[in-house]
Structures are given as structure tokens and as C-alpha cells.
Amino acid sequence: MKKITIDPITRLEGHGRIEIFLNDNGDVENAYLQVPEFRGFEKFCVGRHVEELPRITPKICGVCPEAHHLASTKACDAVFGVEPPEAAKKIREMFYCAHMIHSHIAHFYVLAGPDFIVGPEAKVEERNILGVIQKVGLQIASEVIKHRAYAQEIQAMIAGRATLPVCGLPGGISKPLTEEERKQIEEKAKSCVEFAKFTVKAFENVVLKNKEYLNIVLSKDLYYMESYYMGLVDKNNCVNFYDGDIRVVDPYGKEVAKFKPAEYLDYIGEHVESWSYLKFPYLKKVGWKGFVDGKDSGIYRVAPLARLNVADGMATPLAQQEYEKMYKTFGQKPVHHTLAFHWARVIELLYAAERMLEIVQDKSIVTENVRNIPTKTPSEGVGVVEAPRGTLFHHYKTDEHGIVKEANLIVATGNNYAAMCMSVKKAAQGFIKKGKVTEGLLNMVEMAFRAYDPCLACATHSLPGQMPLIVNIRNKDGEIIETLRRD
Amino acid sequence: MKILILGLGNDIRNEDAVGIIVAKKLYEKIKSENVFFEECYLGGFRIFDIIVGYDKVIIIDTISESQDLKFGECYKIYYNKESYGFNLYSSHNFGLFNSIELTKKLGFKVPKDISIYAIVVKKLDEFGEKISDEIKQRIPQIVEEIYKEEFENARNSNSSGINR
């Protein structure tokens, strides 16, 4: 048996790469973010039976398989023209709230926490979960793990297994919920609400009451972008993760579009750049104007802050209070401050927990009637959910036997790709002046990334679990003058 | 002793499925009430959700071919603690080493022995279900190699894939 010691980069197919181009004065002219991306998934779906896709598409990604499962299941509902029974819709939504809780807890404490709890200036080797524990203590860390586990157990109870779920079928779900399971979920949901309340409070104490951190969040220099926003809303224009219409607001908060998932191609275009496999979605009716913000540029943002920006409020009482507090603090809506994504995320955590409890206390979900068998000839359908990282679209076309002829996916992180590139450029502009690179560039770029909670498939399958990065800084002639790397 | 054989990979990304196939065959070869099999396509912390509670874990993964890594070979992997003790570049995961340390601090049962194997395959950047004939032929040998390393040679050593 051969034995080797390797660095994480060996496992991955490549680095995330940032190319920064300077002008004659040595200031930043352009910056491009490139990520390794796996290809050919849509092609892989073609020729398969559409009913297989809710079990196949979650394998695109090791981070949010649950979001793909539900978007795919909803697309199958539409392909077969079948409406699930009310109980099935509620159970799907409850499952999805558990996924949001699981994901948002991990992001806030494990990924974003180090920036704010350990501190943005702390050494990189301390800015991790172990550093967070050092600051907050073991008891809170245990609560983090416990509630993440609760969310995982609820998903497993409903979906057959915690990851790579198998519960969604066209027209409903595969098994009803028992009263015993309902009671177990109710207890866990109550605990999740308490923990979410604690988390919102912790954000307030650690970030909002710390003037230095609050100034970073409120800063209009590095982490600020006046873009459009997109997200799902319910019939009252409140945030909803599972269902509803897609609403778009402009940089001034005015509704400019509200459409059904099936109409997405009328509203969303995808711009292609030669330097990236990932496409850049934009608002068709505004147009692609390059990597610029403002009302004339079709670049939009998705994910927690965008969802709150497009909504008129939250559908649960405690989350609504926190929503009002956030907008009062900023004194404007929409909020354009990128680091406010973290704040919006903890408000969403509270909403997800409250909504999960609300659904599980509705005893009508304990019924055998959880599926309507499809009877129509399959044809075409679109399914949309809000993944933790933004709006996720699945669109399938089939023949009359249900064999997939075309598939199109717009993944959550993809929606924010243009905005992430712009955030990288801003960070670069802040830290490179007249050809001189100020220490801290990498950290500032990292912070911009993390706000969006990007899910780049490349990073999900490595044991180390991190995306290494190379930053090349090039002069006006394109020659590399400095390389920074994080392996 | 409770043992987990964990196949890591994505069975719809061509040869990335090989880790899962080998893990399953190794499990079938051993088949004992104390030995368990899992497969997953996850990173860092989510892997740890799976391996907590076991005494020994054998992780079988794939790795891309390179100048130093010969196609079709199976390597026992040693990660340096330093090389993945930090993180936070990642989109959503965090490192296995951090996961282990965190879980130990919280008082969960951490496997004392974690071995990591990687089988060298072709480039992993496309979706599909193709496994080359070369790799298919190698699978039974690789199963034997890992079996020997873990259950025969291991009696003479106490090696672990994690340098702790």
C-alpha cells in the first residue's frame, strides 16, 4: 500500500481563481472570480424518466441536496399537472424549514461566526469554529450541535434519510406522518424556536452592540451594492421558502416584477463570459450592462437579504419583530449592505423555526391523504424553491412517456455570481492602491464571499472541505506582478 | 469494536463513484455485525455527522490523476493537521480536522482510528456513469489491498490517516 501526505488542493480539481487587472496608475481596473465547476448535469438528465430527477438532482451538490430535491419534485408536479394534497404541501414545507434551520445555523456559527465572534482582524488560523468556541464557551457550542442535529433528525423522519432525501413524488410525498412523529417534531421545533431567539439575541449582542463591527456592516465602502433583488413571496408578500410567486424589486424598493415560476424565462436571461463556465443571470427587461450596479443594470441579488428586501414582512410574529428592527436600524429599504445578509439570515432562522412549529401544531398533517396520483400526460414544468443561498429553478420538458428531452437549472449561487464578482472587485479596489497590495486583501475578499454563503460544488466533496484560492494581480500589460494564495 | 466503512463520492460523476463501489465490496467481504457501510457525497462537518459514535472509520475516496498520482493506484492518505486546521474559504463546509477537534471538545465519541484511502481516477469534472475498464479490473485488487492494510497489517501497527 502506497502512502502519501497531501495538501487539500491535490484533492480538488483546481483553485478558485481571482484575476485582478490594474490600470496605468496601478489601481484596480477589473477583477474576475472564477470557480472550478462540474459540467454536463443538464445533459445527464436528458433521456431519463422525469420521476428519477428528484432523486438524481440532489447529487449535484453535497451542501443543499434538500433544495434540489424539492425544486425537482415541484417541477415534476408541474410536468404531470398534478396538485399535491394540502397535508403533503405542509409536510414538504416543514421538511424544508428543517433544512433551512440546519443550513443557517451552520453558516452563522461555523462560517460567519469567526468573522464577527473571533473578529475580522484575528489571525486566519484562529478564525474558525474552534476560535468561536473559545469565545462563546462549550455550552453554547453544544446547543449549536444539538439543534443542527434536531433539524437533521426531522429531515430524516420526513424524507427517509437526512441527506439525499427520497420523500418527494409528483403529486405529494411518499409516506404520511404518524402522530408519534408529529409529537417528536413538535418538541424539537419548540426547542429550535428558543435557540433561534437566542441566536438573534447573540447577533445583537456580538455584532450590533459592537461599534466597530456595526460600522463594518453599515459601511458603504467595501460591502455595498445598489442592485435589484429577487425572492419568493406568499400571497401576502411575506417571505416564503417553499412556494409562492417570484417578486423583484428595484434598487429603490419598488416592485418591478411579480411572476409565476413557469414564466421565469420571460424575466431572467443568462449572460456568458469567455472566462467562466458559470453563467451570469440578469433581469432581461433591464438588460445586461456589465458588472455595474444601479437601476440601469440588470444584475440582481438573491438569498436572505434579498428575500427580506422583496417582502413586505415575515409571516411569523417574532421574525416580523426582528425584520422591523433591522430596517429601522438601516433606516432604508431595500438594504444594500452586503454584510447585512448575515443579519437577514438569523431572522430567517427564527422564521424557519416558528413556521416549522406552526405547521407541526396543525394536526391536519397527520393523514393518509398525502398524494394525488398523476393521471395527465407529462409535458413541461418548472419548480422553484428558495434554497438557503437563493432562488433555485428546475425546468424540465418531457415526451408523452415522461422521458426528459430538455432540462434547465438556474442554481441559487449562480444568481449571485455577478454580485460576488463585483464584491471581489470592490475589496480589491479598497486594498490595492498605486500597485501596492495592502495586507488583508484575502481576508476582505473572504468576508465578501461568506456573506453570500456561496455553494460552489467544487468545495463540497473534499475531505478538507475548503476551497483554495489564488489571486493573481496583473499590471496593465497583463503580466502577473503578485500572486496571493490560500491553500 | 464498531467499524464504519464509508464510501465517499458521487455515483453520477463517472469514476468518482469508485470509492463507494470499493467501500461496498470491502463491507461485503467483511460482513460482520460490528461493521457498517455508508456512502455519501458530502464535505467536512456533514461527514462528521456520520462518523461520530464509531471506534474505527475507513474512508474510501477518489482523487484526480496527476503527475505524482498514478491512475488506478490506491493510496493511504495522510493529511497534515496544519493543512486543514483552518478554513473558511469554503462555501459551506469546514475541515474534517476541525470537526474532529470540535466533537472531541464537546464530549462526543470520536473514532480513535480514521484511515483515509484515495483511488486515483481520471479528471472528475463531468457528470456521467462511465467507469473505465482499467479501473473496473483494479477494483477487486484494491479491495484486497485495503483489507490487508486494515485487518492484517494493522495488527502490527497502530497507524491512522490523521496525523494527530
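What counts, and where the lines are drawn
- Residues numbered from 1 in each chain as written.
- Chains lettered and ligands numbered in written order.
- Predicted model: local features only at pLDDT ≥ 70, side-chain atom pairs only at ≥ 80, totals over all residues.
- Heavy atoms only, no water.
- Helix = DSSP H or I, 4+ residues; strand = E, 2+ residues; numbered from the N terminus.
- Buried < 20%, exposed > 50% of the residue type's maximum accessible area, 1.4 Å probe, protein only.
- Contact = heavy atoms within 4.5 Å.
- Areas by Shrake-Rupley, 256 points an atom, 1.4 Å probe, with all protein chains shown as cover.
- Pairing = 2+ DSSP bridges.
- Axes fitted to C-alpha atoms, helices over the stretch in contact; angles between N-to-C directions.
- Lys, Arg positive; Asp, Glu negative; His and termini not counted.
- Salt bridge = Lys/Arg side-chain N within 4 Å of Asp/Glu carboxyl O.
- Polar contact = N/O pair within 3.5 Å; in protein donor to acceptor, adjacent residues only side chain to side chain.
- Domains from an automatic or database assignment.
- Buried area = accessible area lost by both parts, 1.4 Å probe.
- Expected span 1.5 Å × (residues − 1).
- Arc of directions from axis to C-beta.
- Parallel < 35°, antiparallel > 145°, perpendicular 65-115°, else oblique.
- Left-handed = near helix turned anticlockwise from the far one by under 90°.
- Nonpolar A, V, L, I, M, F, W, Y, C, P; charged D, E, K, R; others polar.
- Core = buried A, V, L, I, M, F, W, Y, C linked by side-chain atoms within 4.5 Å.
- Phe/Tyr/Trp six-rings, centres within 6.5 Å; stacked < 30°, edge-to-face > 60°.
- Lys NZ or Arg CZ within 6 Å of the ring centre and 35° of its normal.

**Student:** Pulling in residues and values, what's your account of the overall build of chain B?
**Tutor:** Across its full length, chain B holds four helices and five strands. Going from N to C terminus, chain B has its helices and strands arranged as β-α-β-α-β-β-α-β-α. Burial statistics for chain B: of 164 residues in total, 64% are counted as buried. For chain B, the share of sequence-separated contacts (at least 6 apart) that also reach a separation of at least 24 residues comes to 82%. Carbon and sulfur atoms form 45% of the exposed surface of chain B, whose accessible area is close to 6600 Å².

**Student:** Requested: an account of unusual backbone geometry, with residues and values cited.
**Tutor:** A cis amide bond, omega 5°, links Lys333 of chain A with the succeeding residue Pro334 of chain A. Unlike most non-glycine residues, Lys434 of chain A shows phi in positive territory, near 50°. Position of Lys434 of chain A among the secondary structure elements: in the loop between strand 15 (432-433) and strand 16 (436-437). Of the residues examined, Lys434 of chain A reaches a relative accessible area of 65% and is grouped as exposed. In the Ramachandran plot, Lys31 of chain B falls in the positive-phi region, its phi being about 30° despite a non-glycine side chain. Note that Lys31 of chain B resides in the loop between helix 1 (18-30) and strand 2 (35-40).

**Student:** So what's going on with the sheet that holds strand 14 (residues 404-410) of chain A? Which residues, and what values?
**Tutor:** All names here are of chain A. A sheet is described by the order of its strands in space; here three strands give the open sequence 12-13-14, paired in antiparallel fashion. In the strand order of this sheet, the two ends are held by strand 12 (380-387) and strand 14, each with one partner. Ignoring strand direction, the axes of neighbouring strands in this sheet form an average angle of 10°. With six bridges connecting them, strand 13 (residues 390-398) and strand 14 associate as antiparallel partners. Across the sheet, Tyr396 pairs through a bridge with Ala407, a residue of strand 14. Packing of helix 4 (residues 65-80) onto the sheet brings it into contact with strand 12 and strand 13, and relative to strand 12 it is tilted by some 150°.

**Student:** Just give me the short version of the side chain of Glu273 of chain A, but keep the residues and values in it.
**Tutor:** Residues and elements named next belong to chain A. On the secondary structure map, Glu273 appears in the loop between strand 9 (268-271) and strand 10 (280-283). No salt bridge is formed by the buried Glu273; the nearest opposite charge belongs to Lys425, separated by 11 Å. There is a polar contact of 2.8 Å between the side chain of Glu273 and the side chain of His271. Residues contacting Glu273, with those up to four places away along its chain left out, are Phe280, Trp288 and Phe291.

**Student:** Got a sec to walk through the domain arrangement of chain A? Specific residues and values, please.
**Tutor:** Residue and element names in this part refer to chain A. The assigned domain composition of chain A is domain 1 (2-38 + 434-486) and domain 2 (225-336). If you look at the interface, domain 1 gives six residues, while domain 2 gives five residues. With both sides pooled, the region where domain 1 packs onto domain 2 buries about 590 Å², and carbon together with sulfur makes up 66% of that total. Between domain 1 and domain 2 we count zero salt bridges in total. Where domain 1 packs against domain 2, one counts one residue pair in polar contact (both at pLDDT 80 or more).

**Student:** Requested: an account of the pairing of strand 10 of chain A, with residues and values cited.
**Tutor:** All names here are of chain A. Both faces of strand 10 are covered, namely the face carrying Phe280 and Tyr282 and the face carrying Pro281 and Leu283. Bridge count between strand 9 and strand 10: four bridges; the pairing is antiparallel. Across the sheet, residue His271 finds its bridge partner in strand 10, namely Phe280.

**Student:** Can you tell me about helix 12 (residues 317-330) of chain A, naming the residues and giving the values?
**Tutor:** All names here are of chain A. In this model, helix 12 (14 residues) spans 21 Å end to end at C-alpha, consistent with the 20 Å of a helix rising 1.5 Å per residue. Among the residues of helix 12, Ala319, Glu322, Tyr323, Met326, Tyr327 and Phe330 are the ones counted as buried. For helix 12, the angular spread of buried residues about the axis comes to 135°, placing them on one side. Exposed and oriented more than 90 degrees from the buried face of helix 12 are Pro317 and Lys328. Next to the buried residues of helix 12 lie helix 8 (179-208), helix 9 (211-218), helix 11 (304-310) and helix 13 (340-360). Once helix 12 ends, the next one or two residues include Gly331, with phi positive near 70°.

**Student:** Pulling in residues and values, what's your account of the environment of Glu152 of chain B?
**Tutor:** Position of Glu152 of chain B among the secondary structure elements: in the segment after helix 4 (133-151). Sequence separation between Glu152 of chain B and Ser64 of chain B is 88 residues, and the spatial gap between their C-alpha atoms is 28 Å.

**Student:** I'd like to hear about the packing of helix 12 of chain A against helix 13 of chain A, residue by residue, with values.
**Tutor:** Residues and elements named next belong to chain A. Direction vectors running N to C along helix 12 and helix 13 enclose 165°, while the axes themselves pass 8 Å from each other. Between helix 12 and helix 13, the angle falls in the class roughly antiparallel. As helix 12 runs across helix 13, the sense of the crossing is left-handed. Within the contact between the two elements, helix 12 uses Pro317, Leu318, Ala319, Glu322, Tyr323, Lys325, Met326, Thr329 and Phe330 and helix 13 uses Ala340, Trp343, Ala344, Ile347, Leu350, Tyr351 and Glu354. Of the residues assigned to the contact of helix 12 with helix 13, the class counts are 12 nonpolar, one polar and three charged.

**Student:** Describe the nonpolar core, naming the residues involved and giving the relevant values.
**Tutor:** Of all hydrophobic cores here, the largest spans 119 residues; its most connected members are Ile20 and Leu441 of chain A. The leading source of residues in this core is helix 13 of chain A, at 15 residues. Residues contacting Leu441 of chain A, with those up to four places away along its chain left out, are Ile20, Ala427, Ala428, Phe431, Ile432, Val471, Ile473 and Leu484 of chain A. One finds Ile5, Ile119, Ile131 and Ile135 of chain B within the second-largest nonpolar core, a separate group that totals 25 residues.

**Student:** Help me get a handle on the packing of aromatic side chains, residues and values and all.
**Tutor:** All told, the structure shown has 21 aromatic pairs over all chains when counted by the stated rule. Ring geometry for Tyr282 of chain A versus Trp288 of chain A: centroids 5.9 Å apart, planes at 65°, classification edge-to-face. Aromatic side chains Phe330 of chain A and Trp343 of chain A sit 5.8 Å apart centroid to centroid with 45° between the ring planes, which places their arrangement in the tilted category. Of this pair, Phe330 of chain A sits in helix 12 while Trp343 of chain A sits in helix 13, and the two are 13 residues apart along the sequence. Trp343 of chain A shares its class with Phe330 of chain A; the two are buried. Among the aromatic residues, those joined into a ring-pair cluster are Phe108, Tyr109, Phe195, Phe198, Phe203, Phe330 and Trp343 of chain A. Note that Lys333 of chain A overlies the ring of Tyr327 of chain A, its terminal NZ or CZ placed 5.4 Å from the centroid. Above the ring of Phe36 of chain B, the side-chain terminus of Lys2 of chain B is found at 5.6 Å from the ring centroid.

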